[in-house]
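Architecture at a glance
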Amino acid sequence: MLLPRAILLLATLIFLGYLTTWILLPLKDWFLKWIPTLIQKTSTKEFGPQGTFMLIYTVPILLIAVLGCVYLHLTRNARNYTDKYNYFDFGSSLVLSLYRIRSTDPIAKLRRPMLVRGPLGVVSAMELFFIFSFIALLVWIFAYANSVLPVVYNMNDRQNQRHADDKMWQKKLRSTAFYMAIVGNFCCAFLFYPVTRGSSILPLVGLTSEGSIKYHIWLGNLAMFFFTMHSIMFIVYWAIVNDLKEMLIWDHNSNSNIPGEIAILFGLALWVTGHPRIRRKMFELFFYTHQLYIPFMFFFMLHTGFYFIFMSFPGFYLFLIDRYLRFLQSRQKVRLVSARILPCETVELNFSKSLALDYTTTSFVSINVPAISSLQWHPFTVSSNSSLEPHRISVIIKRDGSWSRKLIEKLASSSPLDRLEVSMEGPYGPTSTDFLRFCSSNPTLESQHWLQNASSLVLICAFKHSVDLTLLNLILPLNGTSLDMSQLQIEIEAFVTRDKGPALSENNQMKTIIFRPHPSDKPFSATLGSHGWLWLGAIILSSFVIFLILSGLVGRFYVYPKDKNTNKIYSWTARASLNALFACVSLFTTATIAVLLSKRRYARQASRIQSIELTSPTSSPDRELESLPDQSIIENTKVHYGARPTLDKMLLDYEGSSIGVLVCGPALMRHEVAKICSSGLNNIYYESISYSS
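A word on the overall build of the protein chain
A tally of helices and strands in the protein chain yields 22 helices and 17 strands. Counted over contacts in the protein chain with a minimum sequence separation of 6, partners at least 24 positions apart contribute 81%. If you sum the accessible surface of the protein chain, you get close to 31,800 Å²; carbon and sulfur atoms cover 62% of it.

What follows is the structure, given as structure tokens:
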């Protein structure tokens, strides 16, 4: 494992160097001496001064992304743990698992919750450290630069001649407005990393895209605050100096105001509809307006020119690659094999998958059902396990909202349903399941052996009604499993809060639907196959090289001769638009070729799986009612009726030198568990699975 460690060290050093350029940004020597020297040494006919900014702010991040792809490929087959059991997210129900971890794990201690209730939600000690560091860097960039460098800004300002007689406080207002944008650009530089689902950078620091959504929210709020203040302060300045006509200027040789005003309008629409209340109650409005990030970034680029866009360009470039790969994957129709409908208005969907598709516990997929909505995509935690079910991937969907209600009603209707057209994206999730660590002299034991130790796992569930207990039967796959649940000795504590006992007329039968295969449906597979990380690295590297070639050719044979002959700066708007076009063409072309080559490689396997399903006698569309496949789960579950779990007592009384708590469910419940884990009264370590803080 020497090579992966060397790659990780190299990526760390590159990132520290990249971060240093932001720390040096406010210094006067950076603008007056170092940047001019770098431009003089690195400026070429092909790229001009923009090549210098690209070298400083873009190349390091893309290099880290490529190194991350190589690192993840090398460590893919060297995981410490192989998952041998299913994980379930029961939606709004409380699901809390206790497991043993290494008592000497220093990272687990840094992940202890420090802040529980507040606008940021649950914040660990490690997150708190990085929050303060980030804020300190923002203050450094803004405060020091604004106090030392107004003259640097005014040197290159187009309004110098017209406002040479401005008072000092007016000049200060202008420079403050300018550096508001600089700080906002710094936030924007990191904005897209948390929402890049197939990121090769997040796993390097132990993060996942779904667990990093809150960072995207924080950065988005900060960026829009500074951009909004930047706009307001400039409008106030223009009003004070009687120069509001500046708002109507589109300067092709400097910062253009009209594109900036258009960008801030799109940004405000994103910001307002991203408010938690609007996002929860009017999700479709939030989802559709959030697609305005494309015109926002485009007009932001036209406003700043390609000199400053290179600061936020790499994160957006990696996000576009990931988004386009997701789009290509979503065009394929996935084979839906069967569905199990529970009496508690919950459905389990079972899909055919490629043998090469491997995923870890807590991964999630996004699902689209055109018969319900051709535009809506909804994320669901994967409830199956690639080790137990190599040919199947499953999700559990509770009736919670109009989309899920329509889906369950369509499946449960009396009219026969031979086929349901479904598209999927993913799976996305952690590259490893570090929360399965436990106290053992042999940490590489498979979790199946770990589960067979008495009292290794405690599962605490809370449901509203007794009929919801049938959800526990989905722990076992549809075709059964070789694991003997009685030998595993898992403790399950189930709490039914609204019923005093089991309902006498309760129908504990589930309905199973077997769907007929269709030639257009394919087994679910990864976008880039089993060597996806290498393919992704190749896409990032090759697309950027093609972008450099296209941009360089235009710069050398068109832009440079025109600048030289006319003694004028080539239009910022035109050059930025050309560079945006070249970036899109290069990444779309390379990604499409990579996906086609990957699909061609696994076409035979998909055809073989499809032919087996087409001739399988179990492919009948007939419906049948069957009893629950295995009653051992509920029989071995301790059910408490009319009560809620006393989490503080249960967690603190659980014996063990190091206890890990994995929790998913409502925010209030997660905050309560986090508060208990942060008390320091026991060696309890907190982990959560959620899209919010």
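Section: the nonpolar core
Membership of the largest hydrophobic core comes to 91 residues, with the highest contact counts inside it found for Trp22, Tyr57 and Ile540. No other element matches the 20 residues that helix H13 (residues 293-330) contributes to this core. Each residue touching Trp22, except ones within four places of it in the same chain, is listed here: Tyr57, Ile141, Asn185, Phe186, Ala189 and Met311. Counting residues in hydrophobic clusters, the runner-up holds 29 residues, among them Ile341, Val382, Phe515 and Phe524.

So, the state of the cysteines
Applying the stated criterion across every chain, the model contains zero disulfides. With no disulfide of its own, Cys188 lies closest to Cys187 among cysteine sulfurs, the gap being 8.5 Å.

Re helix H1 (residues 2-24)
For H1, built from 23 residues, the straight-helix expectation of 33 Å at 1.5 Å per residue is met to within 8% by its first-to-last C-alpha distance of 33 Å. Burial in H1 covers these residues: Pro4, Ile7, Ala11, Ile14, Tyr18, Thr21 and Trp22.

Some points on empty space enclosed by the protein
With the rule as written, the count across this model stands at four cavities of 30 Å³ or more. The volume enclosed by the second largest cavity comes to roughly 90 Å³. Every residue along the wall of the second largest cavity is listed here: Ala65, Tyr193, Thr196, Gly198, Ser199, Ser200, Ile201, Leu318, Ile321, Asp322, Leu536 and Ile540. When contributions to the lining of the second largest cavity are tallied by element, the ones reaching two or more residues are H13 and helix H17 (532-566). A total of three residues in the lining of the second largest cavity trace back to one element, the largest contributor, which is H13. Taken together, the residues of the lining of the second largest cavity break down into seven nonpolar, four polar and one charged.

As for the environment of Glu345
For Glu345, the location among the structural elements is in the loop between strand E5 (336-342) and strand E6 (346-352). Residue classification places Glu345 among the partly exposed residues on the basis of a relative accessible area of 40%. Look past the residues within four positions of Glu345 in its chain and what remains in contact with it is Ile397, Lys398, Arg399 and Ile408.

Concerning the packing of H1 against helix H4 (residues 59-75)
For any two helices packed against each other, the geometry is given by the interaxial angle and the distance between the axes. Two numbers describe how H1 lies on H4: the axes approach to 9 Å, and their chain directions differ by 160°. By the angle between their directions, the pair H1 and H4 is classed as roughly antiparallel. As H1 runs across H4, the sense of the crossing is left-handed. Seen from H1, the contacting residues are Leu3, Pro4, Ile7, Leu8, Leu10, Ala11, Ile14, Phe15 and Tyr18; seen from H4, they are Pro60, Ile61, Leu63, Ile64, Leu67, Val70, Tyr71, Leu74 and Thr75. Grouping the amino acids of the contact of H1 with H4 by side-chain chemistry returns 17 nonpolar, one polar and no charged.

Focus: unusual backbone geometry
Cis rather than trans, the peptide bond between Gly426 and Pro427 has omega equal to -5°. Along the chain, Pro427 falls in strand E10 (residues 422-428). For Glu345, which is not a glycine, the phi torsion comes out positive at approximately 55°.

A word on the pattern of salt bridges
One pass over the structure, following the stated rule, counts ten salt bridges. Residue Lys333 pairs with Glu421 through a salt bridge whose shortest N-O separation is 3.4 Å. Separated by 88 residues along the polypeptide, Lys333 in strand E4 (residues 333-334) and Glu421 in the loop between helix H14 (402-412) and E10 bring together distant segments of the chain. For Lys333, a relative accessible area of 23% corresponds to the partly exposed category. The shortest N-O distance in the salt bridge between Arg399 and Glu409 comes to 3.8 Å. With Arg399 in the loop between strand E9 (392-398) and H14 and Glu409 in helix H14, this pair connects stretches of sequence that are ten residues apart. A relative accessible area of 34% places Arg399 in the partly exposed class. Judged by relative accessible area, Glu409 falls into the partly exposed class, the value being 40%. Overlapping salt bridges bring together Arg197, Asp322, Arg326 and Glu425 as one network.

Thoughts on the side chain of Asn257
The residue Asn257 is located in helix H10 (residues 257-273) in this model. Here the side chain of Asn257 touches Glu246 through a polar contact of 2.7 Å, landing on its backbone oxygen.

Examining H4
The end-to-end C-alpha separation of H4 is 24 Å, in line with the 24 Å expected for 17 residues at 1.5 Å each. Across the 17 residues that make up H4, a large majority, twelve, are buried. Along H4, the residues classified as buried are Pro60, Ile61, Leu62, Ile64, Ala65, Val66, Leu67, Gly68, Cys69, Tyr71, Leu72 and Thr75.

Brief notes about the packing of aromatic side chains
Enumeration according to the criterion identifies 32 aromatic pairs in this entry. Between Phe227 and Phe296 the ring centres are 6.5 Å apart and the planes differ by 50°, which places this aromatic pair in the tilted class. With a gap of 69 residues between them, Phe227 in helix H9 (residues 213-240) and Phe296 in helix H13 connect regions that are remote in the sequence. Comparing Phe227 with Phe296 shows no difference in burial state: the two are buried. Grouped by ring-pair contacts, the aromatic residues Trp22, Tyr57, Phe134, Phe186, Phe190 and Tyr193 constitute a single cluster.

A word on the sheet that holds E4
Sheet architecture is open: four strands sit in the order E4-E10-E7-E8, paired in antiparallel fashion. The two strands at the open ends of the sheet, each matched to only one other strand, are E4 and strand E8 (378-381). Across four bridges, the pairing between strand E7 (residues 364-368) and E8 is antiparallel. Along E8, the bridge assignment pairs Val365 with Phe380.

Scoring rules and cut-offs
Residues numbered from 1 in each chain as written. Predicted model: local features only at pLDDT ≥ 70, side-chain atom pairs only at ≥ 80, totals over all residues. Heavy atoms only, no water. Helix = DSSP H or I, 4+ residues; strand = E, 2+ residues; numbered from the N terminus. Contact = heavy atoms within 4.5 Å. Areas by Shrake-Rupley, 256 points an atom, 1.4 Å probe, with all protein chains shown as cover. Core = buried A, V, L, I, M, F, W, Y, C linked by side-chain atoms within 4.5 Å. Buried < 20%, exposed > 50% of the residue type's maximum accessible area, 1.4 Å probe, protein only. Disulfide = S-S within 2.5 Å. Expected span 1.5 Å × (residues − 1). 1 Å grid on protein atoms, 1.4 Å probe; cavity = no way out; pocket = protein on both sides within 12 Å on 5 of 7 lines; lining within 4 Å. Points joined across faces, edges and corners; volume = space filled by probe spheres on them. Nonpolar A, V, L, I, M, F, W, Y, C, P; charged D, E, K, R; others polar. Axes fitted to C-alpha atoms, helices over the stretch in contact; angles between N-to-C directions. Parallel < 35°, antiparallel > 145°, perpendicular 65-115°, else oblique. Left-handed = near helix turned anticlockwise from the far one by under 90°. Salt bridge = Lys/Arg side-chain N within 4 Å of Asp/Glu carboxyl O. Polar contact = N/O pair within 3.5 Å; in protein donor to acceptor, adjacent residues only side chain to side chain. Phe/Tyr/Trp six-rings, centres within 6.5 Å; stacked < 30°, edge-to-face > 60°. Pairing = 2+ DSSP bridges.

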